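# Report on the structure
Here is what each chain is made of, one letter per residue.
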Amino acid sequence: MESAIHCSNLKKSYGSFTLDINDLHIATGTVHGLIGANGCGKTTTIKLLLGLLFPDSGDLSVLGSHAIGQDTEIRQNIGFIVEDASVPSLMNAKQLSDVLKQTYHGWDQVRYDLLLKQFQLDAKKQYRMYSRGMKVKLQLAVALSHQASLLILDEPTSGLDPLARDEIITILSEFREDESHTILISSHITSDLEKLCDYVTFLEHGRIRFTREKDELLDEFRLVQTTHQMEADIDSDAIVARRDGSFQVELLMRAQDVPSFVEARRLNLEELIILLSRKGGAA
Ligand SMILES: Nc1ncnc2c1ncn2[C@@H]1O[C@H](COP(=O)(O)OP(=O)(O)OP(=O)(O)O)[C@@H](O)[C@H]1O
């Protein structure tokens with residue numbers, strides 16, 4: 001599959017923290033989620049991909065460009081959300097679009113105005129007066145209004161109420177219907193990623209723990225809730241991760257390893273990531 005994004009041996013250090021992306025391949029036409037605990041390196045990865053940071057070493061390619069920071073043509077095709085986006089704080093959404101229509105060849109004012117209306121954003125209010133959720137919505141309206149084929153979104157649903165999140169997931173689902181469109185999205189709201197993503201990459205302490213096809217990952221594991229007594233009859237080598245409660249124990253197991261004498265159920269992505277994050281979990 002053609003790569004929208006490819007990173008190899010990409011490194012960026014801040015003091016004792018090192019982001020070390022050995023190999024990340026994001027195929028064109030897919031939605032790829034970036035998951036991981038606070039401080040694991042999601043924003044740093046996204047800023048490197050947007051050319052907002054320079055790597056210490058390694059190679060990255062975004063829509064075929066190896067120097068995305070300087071490649072203004074390729075940047076036309078990328079819509080993004082990052083927390084400290086350089087929207088001038090005294091500008092309102094209308095003034096912003098006056099600037100952006102000079103910047104983007106494919107600027108679609110009708111689409112932008114429609115999105116502002118849909119997100120109920122006041123086009124005459126200064127950016128600094130917007131709430132966090134409003135700022136995210138404005139960035140998304142921009143990202144979707146210049147015919148980008150790649151969206152790189154850092155926490156696009158954080159700070160939004162459930163209705164707004166649902167609205168954004170619907171808009172992103174529509175965007176991905178075009179097979180030439182690709183999305184890289186980081187989020188702590190795993191349920192949003194579960195709805196949207198084809199693939200997930202789990203970052204831990206700056207390194208990729210795994211990249212997996214989401215449905216295949218969810219199919220692979222089961223949660224067994226049993227008593228400590230019953231656990232004695234389960235092969236301990238087949239237990240991937242565990243969580244002890246006062247009266248019962250939760251065991252993460254591969255579906256094919258679950259013995260017939262216990263009940264098991266599928267996990268959602270959040271439950272699975274929490275258990276895999278526990279010491280000893282492996283995917
Ligand atoms: N400008 C900076 N100067 C120094 N350290 C930084 C800087 N930016 C990020 N870091 C450090 O790099 C590490 C990764 O940060 P990053 O923001 O990429 O994590 P994250 O996964 O996005 O976290 P969160 O989920 O909390 O947003 C952290 O230890 C952070 O303190």
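Conventions used here
Residues numbered from 1 in each chain as written. Predicted model: local features only at pLDDT ≥ 70, side-chain atom pairs only at ≥ 80, totals over all residues. Heavy atoms only, no water. Helix = DSSP H or I, 4+ residues; strand = E, 2+ residues; numbered from the N terminus. Buried < 20%, exposed > 50% of the residue type's maximum accessible area, 1.4 Å probe, protein only. Areas by Shrake-Rupley, 256 points an atom, 1.4 Å probe, with all protein chains shown as cover. 1 Å grid on protein atoms, 1.4 Å probe; cavity = no way out; pocket = protein on both sides within 12 Å on 5 of 7 lines; lining within 4 Å. Points joined across faces, edges and corners; volume = space filled by probe spheres on them. Nonpolar A, V, L, I, M, F, W, Y, C, P; charged D, E, K, R; others polar. Near = heavy atom within 4 Å. Polar contact = N/O pair within 3.5 Å; in protein donor to acceptor, adjacent residues only side chain to side chain. Domains from an automatic or database assignment. Buried area = accessible area lost by both parts, 1.4 Å probe. Salt bridge = Lys/Arg side-chain N within 4 Å of Asp/Glu carboxyl O. Core = buried A, V, L, I, M, F, W, Y, C linked by side-chain atoms within 4.5 Å. Contact = heavy atoms within 4.5 Å. Expected span 1.5 Å × (residues − 1). Arc of directions from axis to C-beta.

### As for the overall build of the protein chain
Tallying secondary structure elements over the protein chain gives ten helices and 13 strands in all. Taken along its principal axes, the extent of the C-alpha atoms in the protein chain is 70 × 40 × 35 Å. For the protein chain, buried positions account for 48% of its 283 residues. Put simply, the protein chain shows about 13900 Å² of open surface, and 48% of that area lies on carbon and sulfur atoms.

### Section: the layout of surface pockets
A volume near 610 Å³ is recorded for the largest pocket. Residue lining of the largest pocket: 27 residues in total, with Arg75, Phe80, Ser86, Leu100 and Tyr104 positioned closest to the centre. For the lining of the largest pocket, the secondary-structure elements that each account for two or more residues are α2 (72-75), β5 (78-81), α3 (93-103) and α5 (132-143). Empty space within the second largest pocket amounts to approximately 360 Å³. For the lining of the second largest pocket, the secondary structure elements donating two or more residues are α1 (42-49) and α5. Here the element with the most residues in the lining of the second largest pocket is α5; it accounts for four residues. Along the lines of polarity and charge, the residues of the lining of the second largest pocket split into six nonpolar, seven polar and eight charged.

### Re the site of the ligand
Every residue near the ligand is listed here: Tyr14, Phe17, Ala37, Asn38, Gly39, Cys40, Gly41, Lys42, Thr43, Thr44 and His188. At 3.0 Å from an oxygen atom of the ligand is found a main-chain nitrogen or oxygen belonging to Gly41. Thr43 is positioned with one of its side-chain polar atoms (N or O) 2.8 Å from an oxygen atom of the ligand. Look at the ligand: alone it shows 630 Å² of surface, and the protein chains cover 56% of it. Ranked by residues supplied to the shell around the ligand, first place goes to α1 with three residues. A per-class count over the shell around the ligand returns four nonpolar, six polar and one charged.

### Digging into the domain arrangement of the protein chain
According to the domain assignment, the protein chain consists of domain 1 (3-205) and domain 2 (217-276). Centre-to-centre separation of domain 1 and domain 2, based on C-alpha positions: 36 Å. Between domain 1 and domain 2, the buried area comes to about 560 Å², and carbon and sulfur atoms account for 75% of it. By the criterion of area lost to domain 2, the three top residues of domain 1 are Thr190, Glu194 and Phe202, representing 69% of everything that side buries. Taken together, the links from domain 1 to domain 2 amount to zero salt bridges. Along the contact surface separating domain 1 from domain 2 lie two residue pairs in polar contact (both at pLDDT 80 or more). Broken down by secondary-structure element, the contributors of at least two residues to the side of domain 1 that touches domain 2 are α7 (190-196) and β8 (199-204). No other element matches the three residues that α7 contributes to the side of domain 1 that touches domain 2.

### Quick notes on the pattern of salt bridges
What the rule picks out here adds up to 16 salt bridges. Between Glu220 and Arg212 there is a salt bridge, and its shortest N-O distance comes to 2.5 Å. For the residue pair Glu220 and Arg212, the accessibility class agrees, reading buried in each case. The salt bridge partner of Glu231 is Arg242, with a shortest N-O separation of 2.3 Å. Pair noted here: Glu231 is in helix α9 (residues 228-231) and Arg242 is in strand β11 (residues 239-244), with a separation of eleven residues, a long-range link. For Arg242, a relative accessible area of 32% corresponds to the partly exposed category.

### So, the nonpolar core
Judged by nonpolar contacts, the single largest core of 54 residues is most densely connected at Tyr112, Leu138, Leu151, Leu172, Ile185 and Leu252. Setting aside residues no more than four positions away along its own chain, Ile185 makes contact with Val31, His32, Gly33, Leu34, Leu153, Pro156, Leu172, Leu193, Leu196 and Cys197. Within the second largest apolar cluster, 26 residues are counted, among which are Ile5, Cys40, Leu60 and Ile78.

### Topic: unusual backbone geometry
Phi at Gln147 takes a positive value of approximately 55 degrees, unusual for a residue other than glycine. Along the chain, the position of Gln147 falls in the loop between α5 and β6 (150-154).

### Concerning helix α6 (residues 162-175)
If you check α6, its first and last C-alpha atoms are 20 Å apart, about what 14 residues at 1.5 Å a residue would give, namely 20 Å. Every buried residue belonging to α6 is among Ala164, Ile168, Ile169, Ile171, Leu172 and Phe175, and all of these are buried. Here the buried residues of α6 occupy an arc of 160 degrees about the axis, which is enough to place them on one side. Turned more than 90 degrees away from the buried face of α6 sit Pro162 and Leu163, all of them exposed. Buried residues along α6 sit against α4 (109-118), α5, β6, β7 (182-186) and α7. Between the side-chain oxygen of the N-cap and the backbone nitrogen of Leu163 there are 3.0 Å, and the N-cap of α6 in question is Asp161.

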